[in-house]
Amino acid sequence: MFLATLYFALPLLDLLLSAEVSGGDRLDCVKASDQCLKEQSCSTKYRTLRQCVAGKETNFSLASGLEAKDECRSAMEALKQKSLYNCRCKRGMKKEKNCLRIYWSMYQSLQGNDLLEDSPYEPVNSRLSDIFRVVPFISVEHIPKGNNCLDAAKACNLDDICKKYRSAYITPCTTSVSNDVCNRRKCHKALRQFFDKVPAKHSYGMLFCSCRDIACTERRRQTIVPVCSYEEREKPNCLNLQDSCKTNYICRSRLADFFTNCQPESRSVSSCLKENYADCLLAYSGLIGTVMTPNYIDSSSLSVAPWCDCSNSGNDLEECLKFLNFFKDNTCLKNAIQAFGNGSDVTVWQPAFPVQTTTATTTTALRVKNKPLGPAGSENEIPTHVLPPCANLQVRTASRFLAGAPFLVGG
C-alpha cells in the first residue's frame, strides 16, 4: 500500500521540485550571448572580459599591470547583473559546443579558483521518478533469474529510437579503419548521441542492468564496445588524461557535471551530497563518448574507472589516486546504479534538501592547473586536443551486438 501511494505521489513531487529548479528562468548561454551583444554596454564589457580570459595564460595581466586587472574586474562586475553571468547549457542541445565555449569564457574570468568548477548544465527537472519508475519495485534478493542485460538489448531493438541510435554507434565502433580497430572519434560521437537522445529506460537498461552471473555482467561491460571506445594499448596517467579532457569543451563540462552530481556524502541517506540518483546517472553516462569515457573495470563488480592509472605520478600520486578513486570507490554512483538495477531507490529516497557543506561545490580531484581554452573567436573544439588512436584488438561483429546474442568472452 505504501509503495503504491508513493508511486503515484512521485509525479507530484517531481512537479514541485521542477518548479524549484527552473524558478530562475535562466537563458542558455547562446541566447544570453546574443542578447548581450545587442546591448552596447553589455557587449563592450563582454568583449573586454573575453580579452581578459584569452590573455590570462599569456602573462596578459602581468604585462598590462594593475590598470588592466581593474578593467577586467570591472567588466566581470558589470556582467554579474546580466543574464549571461548565470547562463547554462543543455546536454545534447543543437549548439552545445558553442554554448559551453561561452559558459567557460565567463567562468574563466578573474574568479581565480579552478577547483570550484561547477556543472555548466541546466539541472534536469525530473528528480527521480521518470527514470526509476520504469523499474519494477523489487528487492535485491528478488532480482529475476536470467540475463537482464540481454533482455534490455532485445527491448532496445523493439524501440525505434533506441534501435536507430544503437545501430548508429555499433557501426563505427566495430568497423576497422586502416590499421586501427575502429574510427574512435566517430564511435565516441555516436555514443554521446545514443546517451543524449535515447530514453533512459532503454539506454540505462543496457548500461545499469542488474546481474547475477558473469555472462550478464560481461554483456553490461560490453555495452559501450570498450574495444574501441575505452581500451588502448597503454594506460595514460589519470592526471594527464584529466588535462587532456580539460582542453575539450564537451569533456571538461561532462567531467565537471560528474563531480558535481556524483559527489559522495556519508551523512546522507542515499550517500550522495545532492540526494539525487537520477542526476548522478545522467552525469556518469554523459562522460561516455569523451576521452574520459569510464567503464566497468571487470565483470565481477560495479567498480568503474576511466582507462588510466597512477603510474609515473611522482609527487602527484596522492592527487592521482584521489581522482581515480572518485570513480572506483564512489558510493553515491554505486548506490545509484544498484537503485536503478533493482528498483529499490524509492524505499530509501527522502525528499530533503541536499546536505550542506562549507564549499560551494565539490573540490574533489579537480586540479589547480590553468589551461587556456583558446582566444576569443576560436573554434569550439580546442585545436591542440587530439584523440588517442584505437587499440589494435579483435573486433566484435556488429551483427552480434544488434541481434542481442549472448557474448562469448574472447569470441
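Residues numbered from 1 in each chain as written. Predicted model: local features only at pLDDT ≥ 70, side-chain atom pairs only at ≥ 80, totals over all residues. Heavy atoms only, no water.

**Some remarks on the nonpolar core**
Operational definition: Among the buried residues, those of types Ala, Val, Leu, Ile, Met, Phe, Trp, Tyr and Cys that are joined through side-chain atoms within 4.5 Å form a nonpolar core. Think of it in three bands: residues with accessible area under 20% of the maximum for their type are buried, residues over 50% are exposed, and the middle band is partly exposed, with areas taken using a 1.4 Å probe on protein chains only. Each domain span listed reflects an automatic or database assignment of domains. Contact criterion: two residues are considered in contact whenever any of their non-hydrogen atoms come within 4.5 Å of each other.
Formed by 62 residues in total, the largest nonpolar core has its most connected members in Tyr169, Phe208, Phe258, Met292 and Leu333. When residues of this core are sorted by domain, at least three fall in each of domain 2 (145-231) and domain 3 (235-346). In contact with methionine 292, other than residues within four places in its own chain, are Leu241, Gln242, Cys245, Cys251, Leu255, Leu287, Pro306, Phe323 and Phe327. Val30, Cys42, Ala75 and Met106 belong to the second-largest nonpolar core, a separate cluster that totals 25 residues.

**Section: the environment of glycine 341**
Definition in use: Only runs of H or I of at least four residues qualify as helices and only runs of E of at least two qualify as strands under DSSP, and these elements are numbered from the N terminus.
Looking at where glycine 341 falls in the secondary structure, it is placed in helix 17 (residues 331-342). For glycine 341, a relative accessible area of 16% gives the class buried. When the C-alpha atoms of glycine 341 and glycine 205 are compared, they prove to be 7.7 Å apart, with 136 residues separating the residues in sequence.

**Focus: helix 14 (residues 249-261)**
Stated precisely, the cut-off is as follows: The span one expects for a helix is its residue count, reduced by one, times 1.5 Å. Distance and chemistry together define a polar contact, namely a pair of N or O atoms within 3.5 Å, with one atom able to donate a hydrogen and the other to accept it when in protein, and with adjacent residues in sequence counting only for side-chain atoms on both sides.
In this model helix 14 runs 18 Å from its N-terminal to its C-terminal C-alpha over 13 residues, within 8% of the 18 Å that 1.5 Å per residue would give. Most of helix 14 sits out of view: 13 of its 13 residues are buried. In this structure asparagine 248 caps helix 14, since a side-chain oxygen of it lies 3.0 Å from the backbone nitrogen of isoleucine 250.

**Concerning the pattern of salt bridges**
Defined as follows: For this analysis, a salt bridge means a side-chain nitrogen from Lys or Arg found within 4 Å of a carboxyl oxygen belonging to Asp or Glu.
Going through the model one piece at a time under the given rule, you end up with 10 salt bridges. The salt bridge partner of arginine 91 is aspartate 196, with a shortest N-O separation of 2.7 Å. Note that arginine 91 is positioned in the loop between helix 4 (60-79) and helix 5 (96-107) and aspartate 196 in helix 9 (residues 184-197), a separation of 105 residues in sequence. Classification of arginine 91 as buried rests on a relative accessible area of 19%. Notably, a salt bridge pairs arginine 221 with glutamate 218, separated by 2.9 Å at the nearest N-O pair. Of this pair, arginine 221 and glutamate 218 both sit in helix 11 (residues 214-221), 3 residues apart, which is roughly one turn of the helix.

**Observations concerning the confidence of the model for the protein**
Note the following rule: Each residue carries a pLDDT score, the predictor's confidence in it, ranging from 0 to 100.
Overall, the predicted model of the protein reaches an average pLDDT of 76, with 67% of residues at or above 70. In this model, residues 110-115 is a region of pLDDT below 50 whose contacts with residues beyond four sequence positions or in other chains number 18 contacts. A low-confidence stretch, residues 133-142 stays under pLDDT 50, and its non-local contacts, those more than four residues away or across chains, total 24 contacts.

**Structural notes on the environment of glycine 289**
With respect to the helices and strands, glycine 289 occurs in the loop between helix 15 (277-287) and strand 1 (294-296). Glycine 289 sits 98 residues away from leucine 191 along the chain, and the two C-alpha atoms are 5.3 Å apart. Beyond its immediate stretch of four places on either side in the chain, glycine 289 contacts His188, Leu191 and Arg192.

**Focus on the state of the cysteines**
Our working definition: Put simply, a disulfide is two cysteine sulfurs that come within 2.5 Å.
Considering all chains together, one arrives at 14 disulfides under this definition. Residue cysteine 211 pairs covalently with cysteine 216 via a disulfide, S to S 2.1 Å. Between cysteine 211 and cysteine 216, the S-S dihedral sits near -65°, and the bridge is therefore left-handed. Overall, cysteine 211 belongs to the buried group, its relative accessible area being 19%. The class for cysteine 216 is buried, based on a relative accessible area of 0%.

**A few points about the packing of aromatic side chains**
The cut-off we apply is this: Side-chain rings of Phe, Tyr and Trp (the six-membered ring for Trp) are treated as a pair once their centres are within 6.5 Å; stacked means planes under 30 degrees apart, edge-to-face means over 60, and tilted covers the remaining angles. In our convention, an over-ring charge means Lys NZ or Arg CZ found within 6 Å of a ring centre and within 35 degrees of that ring's normal.
Under the counting rule described, the total for this entry stands at 15 aromatic pairs. When the centroid spacing of 5.8 Å and the interplanar angle of 80° are considered together, the rings of tyrosine 204 and phenylalanine 340 count as edge-to-face. Taken as a pair, tyrosine 204 in helix 10 (residues 200-207) and phenylalanine 340 in helix 17 lie far apart in primary sequence, 136 residues in all. For the pair phenylalanine 259 and phenylalanine 323, a centre-to-centre distance of 6.0 Å together with 55° between the ring planes defines the contact as tilted. Of the two residues, phenylalanine 259 is situated in helix 14 and phenylalanine 323 in helix 16 (residues 317-328); the sequence distance between them amounts to 64 residues. Summarising the burial analysis for this pair, phenylalanine 259 and phenylalanine 323 share the class buried. Here the basic side chain of arginine 220 rests over the ring of tyrosine 296, its NZ or CZ set 4.8 Å away from the ring centre.

**Here's the deal with the side chain of glutamate 232**
With respect to the helices, strands and loops of the structure, glutamate 232 is situated in the loop between helix 12 (226-229) and helix 13 (238-245). On the basis of relative accessibility, which here comes to 16%, the residue glutamate 232 falls in the buried class.

**A word on helix 5**
The end-to-end C-alpha separation of helix 5 is 16 Å, in line with the 16 Å expected for 12 residues at 1.5 Å each. Within helix 5, 10 of the 12 residues are buried, which leaves the element mostly enclosed by the surrounding structure. Within the sequence span of helix 5, burial applies to Glu96, Cys99, Leu100, Arg101, Ile102, Tyr103, Trp104, Ser105, Met106 and Tyr107.

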